[in-house]
Amino acid sequence: MSGPRYWESTAPGAGRRAPRAWTTSDAPVLSLNGTWRFRLSPTAAGAGPRVPEPDFDDSGWDELRVPSHWVLEDVTVPWAAEPRLPAPRRDEHGPLYTNTAFPFPVDPPRVPQENPTGDHRLRFTLPPGWLDGRPDAVVLRFQGVDSCARVWLNGTELGWSTGSRLPFEFDVGTALREGTNVLAVRVHRWSAGSYLEDQDMWWLPGIFRDVELLHRPAGAVDDLRVSTGWDAATGTGRLRVDADRPGRVLVPELGVDVPVGTTLRLPEVEPWSAEVPRLYRGTLRTAHEAIDLVIGFRTVSIEDGRLLVNGSPVLLRGVNRHEHHPRRGRALDRATMLADVRAMKRAGVTAVRTSHYPPHPEFLRLCDEIGLWVVLECDLETHGFVYAGWEGNPVDDPAWAGALTDRVRRTVLRDRNSPSVLLWSLANESGSGSQFAALRALVDELDGERPVLYERDPTYRHSDLFALMYPSLEDLAAIGRRAEPAPAGVEPGSPDDVRRRGLPFLLVEYAHAMGNGPGSLAEYQRVLGSSDRFAGGFVWEWVDHGLTARDERGTEFTMHGADVAFRPTGGRFCLDGLLFADRTASPGLHELAAVYAPVGLAVEGTRVVVRNGHDVRDTAHVRFRWRVEADGRRVAEGDLAVPLLAPRARTAVELPEEARAAAQGARGEVWVTVTAHDREPPGWAPGGHVVGTGQGRLRSDPPRRRSGTAPEAGFDEHGALRRVFGIAVDGPRPDLWRAPTENDRGQGSRNTDAASWAAVGLDRLRHRVLDVVRGPRELLVTGRSAPAAQALALVWSLRWTLDADGLDLEFRAGFTGPWDDTPHGHHAVSPPRLGLRLGLPGGYRAVEWFGRGPGESYADSTTAALVGRYVADVDALQTPYPVPQENGNHVGTRSLVLTGPGLPTLHVDALDAGATFDFTARRWTSEDLERARHPQDLRDGGRVWLNLDVAQRGLGSASCGPALPERHRVPTVPAGLRLRLTASG
Ligand code: GAL
């Protein structure tokens, strides 16, 4: 059945049953998940020819849980220098991460002879009554094996398969016995199939999804198809269930009881959408089985260059999701899938792209039930051929036709009954090639009810949508106007060019969430809302693919590609999620939730503009509130009456008299915050869940000069402050640098501002005081700060003015020298910050501030950070990015207070009306942050380092996207800041 070297064959497998729909029914299922025996071998020969025999002695083998990836489990690697190491191993025998490169030579369809092969054996007992003599009575199903599996039952070979993220089944026929049976599965790490699975993720071999025996009653339905539609004009639903055997279709709620194959028109059914996932439960009944039907009525269409669902345009607020768990890899449990779906719903996410392969079918079931639109991507990416100039790319080679169509067929047939599946994506980043026409035709033949997407072929001939990754805001805006330039290789005005311009646009990836970021989410959303050509966008990506490992001291940390002694590696590029690997939310997720919030609220004077951003829901389920705060302290709150808004409708209401009066009566800086909440707990969030927020300043008194204890400041001979209010301090000194974020580092040689900072040395400024002028109550220090070897510099002055109860500080700075044209090839150096760094005693513990919070914020990421009064421990101000980098900034700060046991309370206030500053406070310096490889390298240095900045640059998403827009950079022009320092206690 399996030819010699079948794992290097372009055939997809042998001996398997025809692919079909994933269903659940009342027929018995025997889960074969559990503890198996396992033996790893260095080559595809595995542990030898006798392994499949039932009497083979595997008592000396490892035990392994299934489903799992053996590289994440404690198993023996018999030929390794150290055969047993704690999992995950950090050498070539462990999990390997590459981004685009194949971890083996490009020599298709062959793979190295070093091909770790895991023999898996399970002894199990068949429940009585399963064998009734029919060869098709029992089916053995694998939901996913990476990358090539050969299967024997009781020594009889059943067949083999590739296509890791897709199910395959065998009729076990007469190989199955009463009582004890032995299943043997030989899994090869590398196979010809690996050339089709280069999806920027960890290479994780193993039986990683469920293994099941299905009992199939006599005359059982094998495959079935549920096809529905919904007519917006009449509210009529269409339903037709087809199957390969006779049976009856029952939907009690709709009074349906008809034979299979009947087309029904059902008046007044409710449609399915991600916002209102209305499902009708039914049954397909045959003589001996009741199969569950999960029915959602909806019609997907493309009209006038727009993507419509049920006749209305949709704007998908999407995320890309890989399956990932920090300990189990892609062997996800249902609880993790459910947690993902719920967290997406809470963040206002309405759509998920299953990058870059079909997920576990249970995930789709959750999307059906809880409501998420799905862009379902086939298990296909051939990215590594880019290193061969795309020579030999399987999508352009008829020899691979069988493997490619096999993958598409298994994808569409498994999932076409899922109401949540909105679009099919043929592949990710596989270049272009002759095979796509056939793949596209196959999808149409098997489904024909959903549009088809392929992003990478510049002709878009096989795609119903135009799509791109990571365009700049300007390029995106041009697409909205249907005025984009023709893609490279497409003749302007050619039929392909004209056709593409008529297509709706889907932003399949944007806002690369690597490290601290992404910035500009609100700006992207604004552009996406500007044209009905846009069907929406998908942030890259949902969760960091970090794996939990232990360092030499036993401390757990999140490992990435470069933590493994294997080359090539994609390094840290796997840590680019909105959630950290342990699924705690990163600041980026909070920002996304604020931007994706379905109800838009904007305060304009005393008017509130309300926009219902739902595609299909009105606002009956939403309650609106207002609150007025003065200097961040609540003075009044109440309900806001807003008329019922239809989907996508907007209105404006006046703030109630009570709110306006409260604002008039208050002192200080007075803000109103309006919020929209779910009236009832939606099932995936607690009651009161926020679905929209807006803020506006109602009035503001000039800031009061705070008074405190007598200042008694001590300066050294260079005019540097040494003591103030009895506290020993370092600085303040001018600071221009931050520990580079992943986005500052850019990608390769592109958009890498951090490289220019390192080249000129912004992290190693030398300071020179030019002059110190002392007056009776004043000290003026002027100076120049510049890196060694450079002619560019910051010239600055610090003017201290003491009065009876405080001290004013005026910082002025200007840039001189070749900032815009350095001799280093980095044409302009764009400093990440302009401000002051002050060292304070380590006893300072808490910070209270009036400004934006509570989470971190940057110039291009402020939507989630509301103006208010917040308190946090210094330690809690740190975001533990798994690769240490700049974090914890707060823009728009008016004032802050530091407290610590036994220390005077220190206040820092912006002196001028309307002025604000950025601050960070941490127990280590920016230099320590940059040096640290992992969070556990960061140590309390005994000081609190407080940065008070005129400005810090934004975040952007240049780690895989456009350069940071000019407006979010720190301009190299004269600037300054006036602060007042006071103390109490
Ligand atoms: C895209 C790709 C993703 C991921 C991302 C960067 O090009 O489709 O798989 O690699 O870039 O993280």
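Given the structure is predicted, the values throughout are model-derived calculations rather than measurements.

Summing up its helical and strand segments, the chain has 12 helices and 59 strands in all. Relative to its length of 985 residues, the chain is compact, with a C-alpha radius of gyration of 31 Å against a globular reference of 30 Å. Along the first, second and third principal axes, the C-alpha set of the chain runs to 105 × 70 × 60 Å. Considering the chain as a whole, with its 985 residues, one finds that 62% of them fall into the buried category. For the chain, the proportion of contacts with a sequence separation of at least 24, taken over those separated by at least 6, is 74%. Total accessible area on the chain stands at roughly 35,400 Å², and carbon and sulfur atoms take up 50% of it. Once the 115 positive and 129 negative side-chain charges of the chain are each reduced to a mean point, those two points are 3 Å apart.

Pairing in this open sheet of 4 strands is antiparallel, and the strands run 19-18-21-22 from one edge to the other. A strand with exactly one partner marks an edge of an open sheet, and here the two such strands are strand 19 (256–259) and strand 22 (289–295). In this sheet, neighbouring strand axes are inclined to one another by 20 degrees on average, regardless of whether the strands run parallel or antiparallel. Examined bridge by bridge, strand 18 (residues 248–251) and strand 21 (residues 280–286) share 3 bridges and lie antiparallel to one another. Residue pairing in the sheet places Arg-248 in a bridge with Arg-285 of strand 21.

With respect to the element layout, Val-672 can be found in strand 41 (residues 669–678). Owing to a relative accessible area of 0%, Val-672 belongs among the buried residues under this scheme. When the C-alpha atoms of Val-672 and Leu-836 are compared, they prove to be 32 Å apart, with 164 residues separating the residues in sequence. Beyond its immediate stretch of four places on either side in the chain, Val-672 contacts Val-603, Trp-626, Arg-627, Val-628, Leu-655, Gly-694, Gln-695, Gly-696 and Leu-698.

Estimates place the volume of the second largest pocket at around 740 Å³. For the second largest pocket, the lining is made up of 37 residues, of which Glu-455, Arg-456, Leu-468, Met-469 and Tyr-470 are closest to its centre. Where the lining of the second largest pocket is concerned, the elements lending two or more residues are strand 31 (466–469) and helix 5 (473–480). Of the residues belonging to the lining of the second largest pocket, the class tally is 17 nonpolar, 10 polar and 10 charged.

The next subject is the pattern of salt bridges. The final tally for this structure, using the stated rule, is 92 salt bridges. The closest approach of N and O atoms between Arg-110 and Asp-107, which form a salt bridge, is 3.6 Å. A single salt-bridge network, built from bridges that share partners, covers Arg-17, Arg-20, Arg-141, Glu-169, Asp-171, Glu-212 and Asp-222.

Right, let's get into empty space enclosed by the protein. Taken as a whole and assessed by the stated rule, the structure comprises 11 cavities of 30 Å³ or more. Approximately 180 Å³ is the volume attributed to the largest cavity. As for the largest cavity, its lining consists of 15 residues, and the residues nearest its centre are Trp-22, Arg-365, Asp-368, Asn-417 and Ser-418. A total of 4 residues in the lining of the largest cavity trace back to one element, the largest contributor, which is helix 2 (residues 361–370).

This next bit is on the pairing of strand 9 (residues 148–153). By the criterion of burial, strand 9 is predominantly enclosed, with 6 of the 6 residues buried. The alternating pattern of strand 9 places Cys-148, Arg-150 and Trp-152 on one face and Ala-149, Val-151 and Leu-153 on the opposite face, and all of these are buried. Here strand 9 pairs with strand 10 (residues 156–162) via 6 bridges, running antiparallel. For Cys-148, the partnering residue across the bridge sits in strand 10 and is Thr-162. Between strand 9 and the antiparallel strand that follows it, strand 10, lie 2 residues; Asn-154 among them carries a positive phi value of about 50 degrees.

What follows is about the site of the ligand. Taken together, 13 residues surround the ligand, and among them Asp-200, His-356, Glu-429, Glu-509 and His-512 come closest. A distance of 2.6 Å separates an oxygen atom of the ligand from a polar atom in the side chain of Glu-429. Here an oxygen atom of the ligand and a side-chain polar atom of Trp-540 are 3.0 Å apart. In terms of residue class, the shell around the ligand is made up of 5 nonpolar, 4 polar and 4 charged.

Take the sheet that holds strand 39 (residues 633–639) next. If you walk across this open sheet you meet the 4 strands as 39-38-41-42, and the pairing is antiparallel. With partners counted over all chains shown, the strands left at the sheet margins are strand 39 and strand 42 (690–700), one partner each. Sheet twist, expressed as the average angle between the axes of neighbouring strands with direction ignored, equals 20 degrees. Strand direction decides the pairing type here: strand 38 (residues 622–630) and strand 41, joined by 9 bridges, are antiparallel. Bridge pairing in strand 41 links Arg-627 to Thr-673. Docked against the sheet, helix 9 (residues 657–665) engages strand 38, strand 39, strand 41 and strand 42, running at close to 15 degrees with respect to strand 38.

This part takes up helix 4 (residues 436–446). One turn of the α-helix equals 3.6 residues, which is why residues spaced by three or four share an orientation. Buried within helix 4 we find Phe-436, Leu-439, Arg-440, Leu-442, Val-443 and Leu-446. Projected down its long axis, helix 4 carries its buried residues within an arc of 155 degrees, all on one side.

This part takes up a nonpolar patch on the surface. Together, Val-386, Tyr-387 and Trp-390 give the surface a local cluster of nonpolar side chains, amounting to about 300 Å² of exposed area. Looking at the secondary structure, you find Val-386 in the loop between strand 28 (373–377) and helix 3 (401–415). A relative accessible area of 35% places Val-386 in the partly exposed class.

Another point: unusual backbone geometry. For the bond from Ser-355 to His-356, the omega torsion is -5 degrees, close enough to zero to count as cis. At the junction of Trp-540 and Glu-541, the peptide bond is cis and its omega measures out at -5 degrees in the coordinates. For Asn-154, which is not glycine, the phi torsion reads 50 degrees and is therefore positive. Mapping Asn-154 onto the fold places it in the loop between strand 9 and strand 10. A positive phi angle, near 50 degrees, is found at Asp-200, a position not held by glycine. One can find Asp-200 in the loop between strand 12 (179–188) and strand 13 (201–203).

On to the environment of Ala-983, then. The residue Ala-983 is located in strand 59 (residues 975–984) in this model. Remark: the alpha-carbon pair of Ala-983 and Phe-538, spanning 445 residues in sequence, is separated by 48 Å. Not counting residues within four places of it along the chain, the set of residues in contact with Ala-983 comprises Gly-708, Thr-709, Phe-725, Pro-904 and Thr-905.

A few words on helix 11 (residues 753–760). Three or more residues of helix 11 are buried, namely Asp-753, Ala-754, Ser-756, Trp-757 and Val-760. End-on, the buried residues of helix 11 take up no more than an arc of 160 degrees, which puts them together on one face. Contacts from the buried residues of helix 11 go to helix 10 (742–745) and strand 48 (778–787).

Here we take up the state of the cysteines. Disulfides are covalent bonds that link the sulfur atoms of two cysteine residues. Per the stated rule, a full pass over the model turns up 0 disulfides. No disulfide involves Cys-367; its sulfur sits 18 Å from the nearest other cysteine sulfur, which is in Cys-378. Relative accessible area serves as the criterion here: at 0%, Cys-367 is assigned to the buried category. The thiol of Cys-960 is not disulfide-bonded; the next cysteine sulfur, from Cys-574, is found 14 Å away.

Looking now at the nonpolar core. Counting residues in each nonpolar core, the largest one holds 158 residues, and the members touching the most others are Leu-32, Leu-140, Phe-142, Leu-183, Leu-213 and Leu-506. Non-local contacts of Phe-142, meaning those with residues more than four positions away in its chain, are made with Val-151, Leu-166, Pro-167, Phe-168, Phe-170, Val-185, Ile-207, Asp-210 and Val-211.

Looking now at the side chain of Asp-615. Secondary-structure assignment places Asp-615 in the loop between strand 37 (607–612) and strand 38. Within polar-contact distance, the side chain of Asp-615 engages the backbone nitrogen of Leu-315 at 3.2 Å. With residues up to four places along the chain from it excluded, the contact list for Asp-615 reads Glu-275, Pro-313, Val-314, Leu-315, Pro-647 and Arg-648.

We now examine the pairing of strand 38. Here strand 38 runs beside strand 39; their pairing, made up of 6 bridges, is antiparallel. Note on strand 39: the bridge partner recorded for Trp-626 is Gly-638. From the end of strand 38 to the start of strand 39, which pair antiparallel, there are 2 residues, and Asp-631 there has a positive phi angle of about 50 degrees.

This brings us to the packing of helix 7 (residues 521–528) against helix 8 (residues 587–596). For the pair helix 7 and helix 8, interaxial distance at closest approach is 9 Å and the crossing angle is 30 degrees. Put simply, helix 7 runs roughly parallel to helix 8. For the pair helix 7 and helix 8, the sense of crossing is right-handed. Contacts between helix 7 and helix 8 involve Leu-521, Ala-522 and Gln-525 from the former and Gly-588, Glu-591, Leu-592, Val-595 and Tyr-596 from the latter.

Rules of the game
- Residues numbered from 1 in each chain as written.
- Predicted model: local features only at pLDDT ≥ 70, side-chain atom pairs only at ≥ 80, totals over all residues.
- Heavy atoms only, no water.
- Helix = DSSP H or I, 4+ residues; strand = E, 2+ residues; numbered from the N terminus.
- Rg over C-alpha atoms; globule rule 2.2 N^0.38 Å.
- Buried < 20%, exposed > 50% of the residue type's maximum accessible area, 1.4 Å probe, protein only.
- Contact = heavy atoms within 4.5 Å.
- Areas by Shrake-Rupley, 256 points an atom, 1.4 Å probe, with all protein chains shown as cover.
- Lys, Arg positive; Asp, Glu negative; His and termini not counted.
- Charge placed at Lys NZ, Arg CZ, Asp CG, Glu CD.
- Pairing = 2+ DSSP bridges.
- Axes fitted to C-alpha atoms, helices over the stretch in contact; angles between N-to-C directions.
- 1 Å grid on protein atoms, 1.4 Å probe; cavity = no way out; pocket = protein on both sides within 12 Å on 5 of 7 lines; lining within 4 Å.
- Points joined across faces, edges and corners; volume = space filled by probe spheres on them.
- Nonpolar A, V, L, I, M, F, W, Y, C, P; charged D, E, K, R; others polar.
- Salt bridge = Lys/Arg side-chain N within 4 Å of Asp/Glu carboxyl O.
- Near = heavy atom within 4 Å.
- Polar contact = N/O pair within 3.5 Å; in protein donor to acceptor, adjacent residues only side chain to side chain.
- Arc of directions from axis to C-beta.
- Patch = residues over 30% accessible without salt bridge, like charges linked within 9 Å, V, L, I, M, F, W, Y side chains within 5 Å.
- Disulfide = S-S within 2.5 Å.
- Core = buried A, V, L, I, M, F, W, Y, C linked by side-chain atoms within 4.5 Å.
- Parallel < 35°, antiparallel > 145°, perpendicular 65-115°, else oblique.
- Left-handed = near helix turned anticlockwise from the far one by under 90°.

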